[in-house]
Amino acid sequence: MLQRNRRSTTLALSAVALAGALSLTACGSDDNKTGNTAASGSASGGGAVACGKGGTLLGAGSTAQGNAMDQWKTAYSAACSGTTINYSGGGSGAGVQQFTQGKVAFAGTDYVLKAADVDASKAVCSGGKAIDLPMVGGLVSLVYNVDNVDNLVLDGPTAAKIFDSQITKWNDPAIAALNPGAKLPDADIQSFHRSDDSGTTFNLTSYFAKTSGGAWSAAPDKAWKGKGGQSANGSAGLSAQIKQVKNSIGYAELSYAQINNLRSAAISTGAAKPVEATAANAANTFATSTVVGTEGDLALSLDYGTKADNAYPIVLVTYEVVCDKGNKAETLDTLKSFLTYTIGDPAQQAIGEKGYVPLPATIADKVKTAVSTLA
């Protein structure tokens with residue numbers, strides 16, 4: 001349910017999580033322990049979920065979806081006895097590389113596959129190729145640690161200049177103009193960026209390219225191209241640095257901001273008022289996204305330049321990269337089972353409690369269909 005109100009009561013959210021767990025309960029039947037396929041209860045949208053033949057399913061890549069994967073793999077493995085989901089981070093670039101090398105059954109990436117990646121995948125996808133399946137909706141939060149500044153507002157040009165070391169003081173006139181009355185310190189800005197090839201970086205710089213008015217001169221990229229600043233590895237590593245370093249600013253998926261109790265800047269987009277970094281506001285942006293991929297690929301268009309009221313602009317989608325054909329026979333059933341579970345409404349709503357954004361039903365339905373046809 002895309003337009004889920006984040007102010008729902010704790011009781012209601014707990015009920016959603018319980019529903020997600022119950023939808024898998026039958027997966028852990030005795031049949032699965034003997035290596036046979038066992039049917040679960042129905043997933044959101046209909047259809048029984050088969051637990052597969054057991055064993056270990058390997059994935060790697062995006063750290064933005066790390067907290068979602070932690071929840072999903074634990075719930076799925078507990079319900080489907082004899083099956084282990086092993087997902088390691090390392091960043092989107094590393095995940096895609098491991099996939100094209102045949103080391104993992106799926107990869108998580110926060111930016112769509114390039115033509116070179118698809119070509120490379122044909123060596124491991126016998127008779128097929130890699131495709132993008134949107135699975136985890138999220139947003140990039142501009143996290144900061146500045147004493148006595150609780151409601152920071154930034155816009156595209158100002159944020160781009162901060163991360164490119166063109167603005168170096170917290171009380172710079174450009175920041176002060178967006179934050180009248182705020183007690184901005186006369187202190188150096190300590191900016192942090194990702195050291196690894198990162199889809200989160202790609203989505204942030206896509207926002208800069210769209211909205212900075214030329215202040216950010218580099219093209220969107222998974223590798224950091226800004227000047228100056230300090231680096232940290234992964235979403236968890238970067239968030240830890242912001243938490244520890246005074247007068248710092250960085251960027252991370254919202255779930256990491258919540259886990260670390262970090263403040264997130266609101267974004268002035270041209271809407272009636274600055275837009276807070278919330279899942280509900282990101283959901284309004286996802287509501288306008290459409291599938292632009294072809295030949296079975298479900299890559300999405302994202303409107304980083306939205307000026308709609310209550311639409312947060314710096315959004316990201318983590319795609320699970322899989323072979324449309326030519327998946328390994330020994331893991332195909334489990335791969336399809338796990339992805340059918342993760343795109344189901346209970347699983348999507350469960351990660352919604354952690355700062356992610358459940359995907360719109362129109363997109364989720366397309367993903368379910370694509371998963372069912374994997375071979």
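Counting of residues starts from 1 at the beginning of each chain's written sequence and follows it residue by residue. Thresholds applied to this predicted model are a pLDDT of at least 70 for local features of residues and 80 or more for the giving and counting of side-chain atom pairs; totals over whole chains, interfaces and linings are not thresholded and use all residues. Heavy atoms throughout the structure, all of them, feed into the side-chain values; hydrogens and water do not.

S.K.: What is the right way to look at helix α12 (residues 329-343) in this model?
M.R.: For an α-helix, 3.6 residues make a turn, and residues three or four places apart therefore share a direction. The way it works is that DSSP assigns letters per residue, a run of H or I at least four long becomes a helix, a run of E at least two long becomes a strand, and they are numbered from the N terminus. A helix is expected to reach a length of 1.5 Å times the quantity of its residues less one. Given a rise of 1.5 Å per residue, 15 residues ought to cover 21 Å, and the 22 Å separating the end C-alpha atoms of α12 matches this to within 8%. Relative accessibility under 20% of the residue-type maximum defines a buried residue, over 50% an exposed one, and the middle range a partly exposed one, all with a 1.4 Å probe and only protein chains included. Listing the buried residues of α12 in full gives T331, L332, T334, L335, S337, F338, L339, Y341, T342 and I343.

S.K.: What is the right way to look at the pattern of salt bridges in this model?
M.R.: For side chains bearing opposite charge, pairing can occur when the charged atoms are close. Salt bridge criterion: a side-chain nitrogen from Lys or Arg within 4 Å of a carboxyl oxygen from Asp or Glu. Evaluated as defined, the whole model comprises ten salt bridges. The residue D147 makes a salt bridge to K246 at a minimum N-O spacing of 3.2 Å. On the criterion of sequence distance, the pair formed by D147 in the loop between β6 (130-145) and β7 (153-155) and K246 in the loop between α9 (234-244) and β10 (248-253) is long-range, its members being 99 residues apart. Residues D150 and R263 are paired through a salt bridge, measuring 2.7 Å at the closest nitrogen-oxygen approach. Residue D150 is found in the loop between β6 and β7, and its partner R263 is found in strand β11 (residues 263-264); the two are separated by 113 residues along the sequence. Here D150 falls in the exposed class, since its relative accessible area comes to 52%. Among the charged side chains, a network of salt bridges with common partners joins K169, D186 and D188.

S.K.: What is the right way to read the pairing of strand β3 (residues 55-61) from this model?
M.R.: The side chains of a regular strand alternate, first on one face of the sheet and then on the other. Whether two strands pair comes down to DSSP finding at least two bridges between them. Two elements, β3 and strand β4 (residues 83-90), share seven bridges in a ladder whose sense is parallel. Pairing of L58 across the sheet is with N86, part of β4. The handedness of the β3 to β4 crossover, carried by helix α3 (residues 66-79), is right-handed. Sheet topology places β3 next to strand β5 (residues 106-109); three bridges connect them, and they run parallel. Considered in β5, the bridge of G61 is made with G108. Convention used here: a crossover is right-handed provided that the path from the first strand, over the helix, to the second strand proceeds clockwise when the strands point away from the viewer.

The quantities given are spatial measurements derived from coordinates; they are silent on function.
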